[in-house]
Amino acid sequence: MKNLSQAEKTDVLLTLALAFEKKFSEAGETVQAKPLAQLVESNFSTMPAEQLEALRSRAAFLDELPAENLTLWQSVWLDKLRRRGKAMRLDENINPAHIVNVLSREPRAIQVLILRNLPADLSRRIALYLDLSYEADEISGQNGNPINAEIVAHIRKTFLANFVALEDISEPNDLDRSSVAEITNFVRQISLREMAIACRGISSKETLAAFLNRFEEEDAREIAKYLTELEKVRPFWVAQADELVRQTWRTDLQADKLLQKLGLKLLAIAFVQRDQTAKDYTSQKLSTRDSRRWKKFVKEYEKQFQSGTAEEKIVLEKRRKMLEKLAAKFIQTEKL
């Protein structure tokens with residue numbers, strides 16, 4: 001439960017309340033179906049006021065749903081709870097570097113077995129990353145003795161436990177549904193966009209030109225393009241962008257590294273208050289190095305959110321929502 005967001009904890013508690021009510025009924029007791037609002041009062045009345053109010057609000061919403069919709073909602077959540085922490089498949093949106101990292105710690109026999117069960121193209125890429133040269137029949141399984149099915153199942157389960165699949169995420173958004181290539185490009189685009197917003201605070205054309213000369217030609221051109229498109233940005237957000245760029249800037253940091261770091265920080269803001277599964281899923285799409293940096297940024301922003309003033313929390317929440325909207329627009333455009 002500690003890895004769930006507050007909204008998800010609310011749904012989990014309501015799902016379990018319904019499940020227990022049904023179990024008592026199946027045990028022989030005569031239990032008439034109760035509205036969720038009534039279950040909240042009978043099961044959770046001693047919870048802290050804020051959490052209790054969230055339960056009441058959510059229960060009131062769910063009680064208005066048609067019976068079949070409520071049943072579907074409950075079945076989806078029960079399935080998620082049963083599968084939690086038990087990956088059933090290898091998601092297609094995993095940066096191969098993470099698979100390499102996992103397999104690099106395994107003996108050759110395990111590596112061969114895993115590679116044999118990966119898609120052919122991915123298997124070849126992983127073998128190259130690991131600097132391994134396997135015989136074709138070794139990977140295909142045409143030589144050697146068959147392995148006990150229970151051993152294979154255990155190895156598969158242990159391997160999959162290192163990763164997360166999209167269906168493990170509660171209520172995934174467009175950012176969650178992005179591919180490895182899309183999330184990589186999105187990080188770059190939000191960084192260029194943020195840099196352009198910060199540049200709106202530069203009043204001198206000469207100073208702006210000198211600043212843009214620090215970047216690669218293509219990056220400078222895209223920043224300039226964003227500058228022309230973002231003419232109506234409020235001064236407040238210009239100041240916010242300028243502050244973030246200044247915090248990220250280092251004289252010894254190359255321009256492309258600066259943009260990547262800035263993009264990862266912005267992506268981290270989009271995941272403040274998301275549950276751990278959603279964070280893990282996005283983390284595995286990044287390179288191993290970027291994944292470590294991004295996780296650090298997420299923790300920093302979550303700490304900032306928890307300890308911040310009411311005004312700082314509002315600003316961070318607004319930025320998070322803005323980034324989610326940008327992601328939805330960007331991902332949908334990419335898929336066209």
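Residues numbered from 1 in each chain as written. Predicted model: local features only at pLDDT ≥ 70, side-chain atom pairs only at ≥ 80, totals over all residues. Heavy atoms only, no water.

Let's shift gears to the pattern of salt bridges. This structure, assessed with the given rule, holds 19 salt bridges. As a salt-bridge pair, D121 and R124 come within 2.3 Å of each other at their nearest N and O atoms. Highlighted residues: D121 and R124, both in helix 7 (residues 120–129), separated by 3 residues, approximately one helical turn. Across the pair, R124 and D121 agree in class, each one exposed. Each of R89, D91, E92 and E167 takes part in a single network of salt bridges with overlapping partners. (Salt bridge = Lys/Arg side-chain N within 4 Å of Asp/Glu carboxyl O. Helix = DSSP H or I, 4+ residues; strand = E, 2+ residues; numbered from the N terminus. Buried < 20%, exposed > 50% of the residue type's maximum accessible area, 1.4 Å probe, protein only.)

Looking at the secondary structure, you find S283 in helix 15 (residues 276–283). The residues contacting S283, other than those within four sequence positions of it, are H98, S291, W294 and K295. (Contact = heavy atoms within 4.5 Å.)

Our focus in this paragraph is unusual backbone geometry. Trans peptide bonds make up most of the peptide bonds, and negative phi angles are found at most residues other than glycine. Of note, the phi angle at Q273 is positive, near 75°, even though the residue is not glycine. Residue placement: Q273 occurs in the loop between helix 14 (255–269) and helix 15. Residue Q273 is classed as partly exposed on the basis of its relative accessible area of 43%.

This part is about the packing of helix 14 against helix 16 (residues 288–307). When two helices pack together, their arrangement is captured by the angle between the axes and the distance separating the axes. Running from amino to carboxyl end, helix 14 crosses helix 16 at an angle of 50°, the nearest separation of the two axes being 8 Å. Here helix 14 is positioned oblique relative to helix 16, judged by the angle of their axes. Classified by chirality, the crossing of helix 16 by helix 14 is right-handed. Contacts between helix 14 and helix 16 involve Q260, K261, L264, K265, L267, A268 and I269 on the former and, on the latter, D290, R293, W294, F297, V298 and Y301. (Axes fitted to C-alpha atoms, helices over the stretch in contact; angles between N-to-C directions. Parallel < 35°, antiparallel > 145°, perpendicular 65-115°, else oblique. Left-handed = near helix turned anticlockwise from the far one by under 90°.)

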